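# Summary of structural features
Take a look at the letters that make up each chain.
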Amino acid sequence: MKRTLPGAAAAVPALPLGPSAGQMPQIGFGTWGLQPQEVSTAIRAAVAAGYRSFDCAPVYQNERQVGETLSALIAEGVVTRSELFITSKVPPADACSRHRTERALRQSLHDLRTGYVDLYLIHWPFCVRSPEPGRPRPWPLPLEDQLGYSAEQLREEWRTIEALVATRAVRHAGLANIGERRLAKFLASPDLAVRPAVVQVELHPYNQMRALRALCASHGIAVTAYSSLGSPARPAKYQVQADAHPLLLADPAITQVATAHGASAAAVALGWAMRRGVALIPKSAHRERIASN
């Protein structure tokens, strides 16, 4: 059942987070792909448009700028911390060690200028090799740096997450980029002290994740969709083959619905996800698109 957020973001529906009284705005603002110099203008435009949920991650290399901007808006009296829902993620290079995960959270809290995150996600259900000193970490991660999926390692990492939830530095926890079979195996663990509140995956009409959504619904787990507009800016090797599908926002079915209703193709794609009870985190650096999304 959807709820409604109080205050300035009252027009944004909210999704319940498991058995707790917590909730998450159904529409959030994504920060992946925002260049550091774009962050302040984009975040300020997003808050002015009513966004209160912000999806962040260390690998996006802009958490410090996000934190500076949100902190300034709080100091200016534009928003309060309690009105915000801030998400961060465990970097894959820090997901193989309790010490590194704890250190990564401390760094995110420092960069985001907050005493807690509302949601902390395991960014990928596998580890990667730690970068050599002085060598920048490319993104997406090179295949040769990925150490592969291990159910045992993921469960061990989740124990660290459970400990962080107990400290209240993390209010809710979840997983990202995990498929239905791996999630089902994870949820079957007999000793889960904290159940995932959110699963975040790429989800749009070309990648509908029906089985995963059904599994999450059966366990009371909210689903957040990234790349809801098809993410044409992703590297070519991660794109759907051109002969299989056109770009999502150029798909004839979407453009026909958009034309019939006098809406943008982006609005149709986002509406498709919202009607399925999925949370959204669209990103833009343009004030007009931020408001329209």
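In this text the structure is predicted, and so the values were computed from the model without any measurement. (Residues numbered from 1 in each chain as written. Predicted model: local features only at pLDDT ≥ 70, side-chain atom pairs only at ≥ 80, totals over all residues. Heavy atoms only, no water.)

The next thing to look at is the nonpolar core. With 58 residues, the main nonpolar core has Phe-54 and Leu-183 as its most contacted residues. Sorting elements by how many residues they give to this core places helix α1 (residues 36-49) first, with six residues. Excluding its chain neighbours within four sequence positions, the residues that come into contact with Phe-54 are Phe-29, Ile-43, Ala-46, Val-47, Leu-70, Leu-84, Phe-85, Ile-86 and Thr-87. Counting residues in hydrophobic clusters, the runner-up holds 11 residues, among them Leu-15, Leu-17, Ala-176 and Ala-222. (Core = buried A, V, L, I, M, F, W, Y, C linked by side-chain atoms within 4.5 Å. Buried < 20%, exposed > 50% of the residue type's maximum accessible area, 1.4 Å probe, protein only. Helix = DSSP H or I, 4+ residues; strand = E, 2+ residues; numbered from the N terminus. Contact = heavy atoms within 4.5 Å.)

Judged by how many residues are buried, helix α8 (residues 265-274) sits mostly within the fold: eight of 10 residues are covered. Looking at the buried positions of α8, the neighbouring elements they touch are α7 (252-261) and β13 (279-280).

The interhelical angle for the contact between helix α5 (residues 180-187) and helix α6 (residues 210-218), taken along N-to-C directions, is 20°, at an axis separation of 9 Å. Of the possible angle classes, the one that applies to α5 and α6 is roughly parallel. Crossing handedness for the pair α5 and α6: left-handed. Where α5 abuts α6, its residues Glu-180, Leu-183, Ala-184 and Leu-187 lie against Ala-211, Leu-212, Leu-215 and Cys-216. The residue makeup of the contact of α5 with α6, split by class, is seven nonpolar, no polar and one charged. (Axes fitted to C-alpha atoms, helices over the stretch in contact; angles between N-to-C directions. Parallel < 35°, antiparallel > 145°, perpendicular 65-115°, else oblique. Left-handed = near helix turned anticlockwise from the far one by under 90°. Nonpolar A, V, L, I, M, F, W, Y, C, P; charged D, E, K, R; others polar.)

Moving on to the pairing of strand β10 (residues 173-176). Here β10 shows no split at all, with Ala-173 and Leu-175 on one side and Gly-174 and Ala-176 on the other all buried. Note: strand β7 (residues 119-122) against β10, three bridges, orientation parallel. In the sheet register, Ile-122 faces β10, and the bridge partner there is Leu-175. In terms of handedness, the path from β10 via α5 over to strand β11 (residues 198-202) forms a crossover that is right-handed. (Pairing = 2+ DSSP bridges. Right-handed = clockwise from strand over helix to strand, strands pointing away.)

Moving on: the packing of aromatic side chains. The description of an aromatic ring pair rests on the distance of the ring centres and on the angle between the ring planes. The tally for this structure, following the rule as stated, stands at four aromatic pairs. Taken together, a centroid distance of 6.1 Å and an interplanar angle of 65° make the contact between Phe-29 and Phe-54 edge-to-face. Of this pair, Phe-29 sits in strand β4 (residues 29-30) while Phe-54 sits in strand β5 (residues 53-55), and the two are 25 residues apart along the sequence. By the burial criterion, Phe-29 is buried, and Phe-54 matches it. With a centroid separation of 5.3 Å and 85° between ring planes, the pair formed by Trp-158 and Phe-186 is classed as edge-to-face. Pair noted here: Trp-158 is in helix α4 (residues 151-166) and Phe-186 is in helix α5, with a separation of 28 residues, a long-range link. Comparing Trp-158 with Phe-186 shows no difference in burial state: the two are buried. (Phe/Tyr/Trp six-rings, centres within 6.5 Å; stacked < 30°, edge-to-face > 60°.)

On to the environment of Leu-15. Relative to the elements of secondary structure, Leu-15 occurs in strand β2 (residues 13-16). Put simply, Leu-15 and Gly-277 are 262 residues apart on the chain and 8.0 Å apart in space, counted from C-alpha to C-alpha.

Right, let's talk about the pairing of strand β12 (residues 222-226) for a bit. The element β12 is largely enclosed, with a buried count of four among its five residues. Bridge analysis of β11 against β12 gives five bridges, and the strand direction is parallel. Across the sheet, the residue bridging to Val-199 is Val-223, located in β12. Between the parallel elements β11 and β12, the chain passes through α6 in a crossover that is right-handed.

The next subject is the pattern of salt bridges. As enumerated under the stated definition, the model contains 11 salt bridges in all. Note that Arg-64 and Glu-68 form a salt bridge whose closest N and O atoms lie 2.9 Å from each other. Of this pair, Arg-64 and Glu-68 both sit in helix α2 (residues 63-75), four residues apart, roughly one helical turn. The class for Arg-64 is partly exposed, based on a relative accessible area of 44%. By relative accessible area, Glu-68 is classed as partly exposed at 30%. Within the structure, one salt-bridge network assembled from shared partners comprises Arg-155, Glu-156, Arg-159, Glu-162 and Asp-191. (Salt bridge = Lys/Arg side-chain N within 4 Å of Asp/Glu carboxyl O.)

Secondary-structure assignment places Met-209 in the loop between β11 and α6. Along the chain, Met-209 and Gly-179 lie 30 residues apart, while their C-alpha atoms are 8.5 Å from each other. Discounting residues that sit within four places of it in the chain, Met-209 has contacts with Val-201, Glu-202 and Leu-203.

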